[in-house]
Amino acid sequence: MYTITISSKGQTWIQYLKELLQYRDLFITFAIRDFKVKYAQTFLGFFWAIFQQIVAISVFAIIRYTAFDSENDTIPVVLYISAGIASWTYFDFVVNNSANAIINSGSMIKKIYFPRLILPLSKALVGLIDYLIGLIILAFMFVMYEIYPSENIIFLPIFIFSTIMAALGLGIWVSALTIRFRDFQHIIPFILKIGMFITPVYFSTQEVLNRAPEKWKSLTEIVFYLNPMAGNIEAIKWSLFNEQALDSEVSISIGVSAILFITGLIYFKKSEKQMADLV
């Protein structure tokens, strides 16, 4: 048993995190509910997660063969794309579902108290299941092509964590902003669709820079890596394939991921008091 004290003073971050831990059972319950709803009354059920990623890999492989010169590729195209698809699919799912996380639970928020941050966090946990499936598909591709990951694979957990941080950070921001500005419900899916094609899912950053004018290359690289997923996916590919040296500018994407996460938490905590009145 624990006691909840209602005070006019704001919670400290330690109190806030302790409260989140106290509601961990509710957090898990929300995650299980979201997972069941996602595949409820579907013929393929859980296998939709596998089917969707295989179709995405196939489509991007066709785009890759069409738009880029793949003759000199040292890594099989399907394997190369699989490394990007797994991370992007997770990012897309978390941000998209977080946008409506608070609004869809409006009636519950008005009736009972619980840390609202649990809602977008539960989406991130459900998304991890699809992410794991994507990584399993990737592992299968390595076996199928009889290729071993590079020695840099020891850094893979760091970049996966950075990807989760980017998805959660933007997801938390969007979930809080959507309450005040409902336009985000329409803007976010549109941005994510465009974002997939300007993120190195099926191409490398170097291929983009090679097409940029020489005098704009440095600026193009910096702007490109302001997309948090650009650097994270590029770093994941480096840790798996080590096809080329990792750009130092990747740190920009990792920094943006951290900033999104920290500022998202701060803004969400400040907005939490008004959520019941706005939903």
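As shown above, the structure is provided for reference.
Residues numbered from 1 in each chain as written. Predicted model: local features only at pLDDT ≥ 70, side-chain atom pairs only at ≥ 80, totals over all residues. Heavy atoms only, no water.

A. Highlighting the overall build of the protein. Along the backbone of the protein there are 14 helices and zero strands. Order of helices (α) and strands (β) in the protein, N terminus to C terminus: α-α-α-α-α-α-α-α-α-α-α-α-α-α. In terms of C-alpha radius of gyration, the protein reaches 20 Å, essentially the compact-globule figure of 19 Å for 279 residues. With the principal axes as the frame, the protein shows a C-alpha extent of 65 × 50 × 35 Å. (Helix = DSSP H or I, 4+ residues; strand = E, 2+ residues; numbered from the N terminus. Rg over C-alpha atoms; globule rule 2.2 N^0.38 Å.)

B. How the structure looks around the pattern of salt bridges. One pass over the full model with this rule turns up three salt bridges. A salt bridge links K123 to D34; its shortest N-O distance comes to 3.2 Å. Of this pair, K123 sits in helix α7 (residues 118-145) while D34 sits in helix α2 (residues 24-39), and the two are 89 residues apart along the sequence. For the pair K123 and D34, one class covers both residues: buried. Between K217 and E214 there is a salt bridge, and its shortest N-O distance comes to 3.5 Å. Judged by its relative accessible area of 24%, K217 falls in the partly exposed class. For E214, a relative accessible area of 63% translates into the label exposed. (Salt bridge = Lys/Arg side-chain N within 4 Å of Asp/Glu carboxyl O. Buried < 20%, exposed > 50% of the residue type's maximum accessible area, 1.4 Å probe, protein only.)

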